[in-house]
Amino acid sequence: ISSSTDVSCNGGNDGTAEINSIIGGVPPYSTDWFGVDTNNLNAGSYSYSVSDNNGCLISGSVSINQPNPLTAISSSTDVSCNGGNDGTAEINNISGGIPPYSSDWFGVDTNNLNAGSYNYNVSDNNGCSTSGSVSINQPNPLAAISGSTDVSCNGGNDGTVEITSISGGTLPYSLNWFGIDTTSLSAGNYSYQVLDFNQCSINGSVVVNQPNPLNVTLTSSSNITDCLNPNGSVNIDVTGGNGNYSY
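One structure accompanies this document, and this report is about it. (Residues numbered from 1 in each chain as written. Predicted model: local features only at pLDDT ≥ 70, side-chain atom pairs only at ≥ 80, totals over all residues. Heavy atoms only, no water.)

**Focus on unusual backbone geometry**
Here is step 1 of the chain: Of note, the bond from Pro-27 into Pro-28 is cis; its omega dihedral lies within 30 degrees of zero at 0°.
Here is step 2 of the chain: Inspection of the secondary structure puts Pro-28 in the loop between β2 (16-19) and β3 (30-32).
Here is step 3 of the chain: Despite not being glycine, Phe-178 has its phi angle at roughly 60°, a positive value.
Here is step 4 of the chain: Among the structural elements, Phe-178 can be located in the loop between β13 (174-176) and β14 (188-195).
Here is step 5 of the chain: Taking relative accessible area as the criterion, Phe-178 reaches 49% and is therefore assigned partly exposed.
Here is step 6 of the chain: Phi at Gln-199 takes a positive value of approximately 70°, unusual for a residue other than glycine.
Here is step 7 of the chain: Here Gln-199 is to be found in the loop between β14 and β15 (201-208). (Helix = DSSP H or I, 4+ residues; strand = E, 2+ residues; numbered from the N terminus. Buried < 20%, exposed > 50% of the residue type's maximum accessible area, 1.4 Å probe, protein only.)

Structure follows, in structure tokens:
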């Protein structure tokens, strides 16, 4: 009568086989496993023979089984905003091996992850293990480029502001100028906020300038001395505005 113990882990070699009891024939008996080490067996079929003192012979075989390969399927969610820590990772499915299973993330909180690579290990009831890793990604930093045109005349309101480019984050984007009409602005500092699909945000401001007040100063004058040949003159000094004056 033979018995065996199966391999603990797929691909292992800790299976065993033995002859538990021999009856009949004429003792003493001898067994032959044809050169295999019956204490370190891989999965497979192993033959043996038993002979008694009269040379009578019987033969048989034992089968050493092994569990299916231990496998784990993992998944992850990426960080919402660049530099954030709301990434997650989990083991969705474990198969093979011998239940129950345990998983080890080596001390990390899998519900509050920064961008990076995280290792895990899964073990079954026989101490067999498999390992893997998940990568948590993050969007590029949210960035905006703004532009403006200054007011034409001091005290005017024809200044404009705009966002000329938005990059990074997760599309689509939304833009908030906090209620102002960006095409009819007086001189001043105007704030904006850019939001992406994940509600990541950046804030910024744009300055609209204006020229100095246009100012005309009479510097000198002379009266007309000949009514038939007007020869009066005036000289003025102009400051402010945008230069390139016309008279």
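**Here we look at the sheet that holds strand β9 (residues 116-123)**
Here is step 1 of the chain: The strand order β8-β9-β10 describes an open sheet built from three strands, whose pairing is antiparallel. Edge strands, defined here as strands with exactly one partner in the open sheet, are β8 (102-104) and β10 (129-136). The sheet shows a mean angle of 25° between the axes of neighbouring strands, direction not considered.
Here is step 2 of the chain: Summarising the sheet, β9 and β10 pair through eight bridges and their orientation is antiparallel. Looking at β10, one finds that Asn-119 is bridged to Ser-133. (Pairing = 2+ DSSP bridges. Axes fitted to C-alpha atoms, helices over the stretch in contact; angles between N-to-C directions.)

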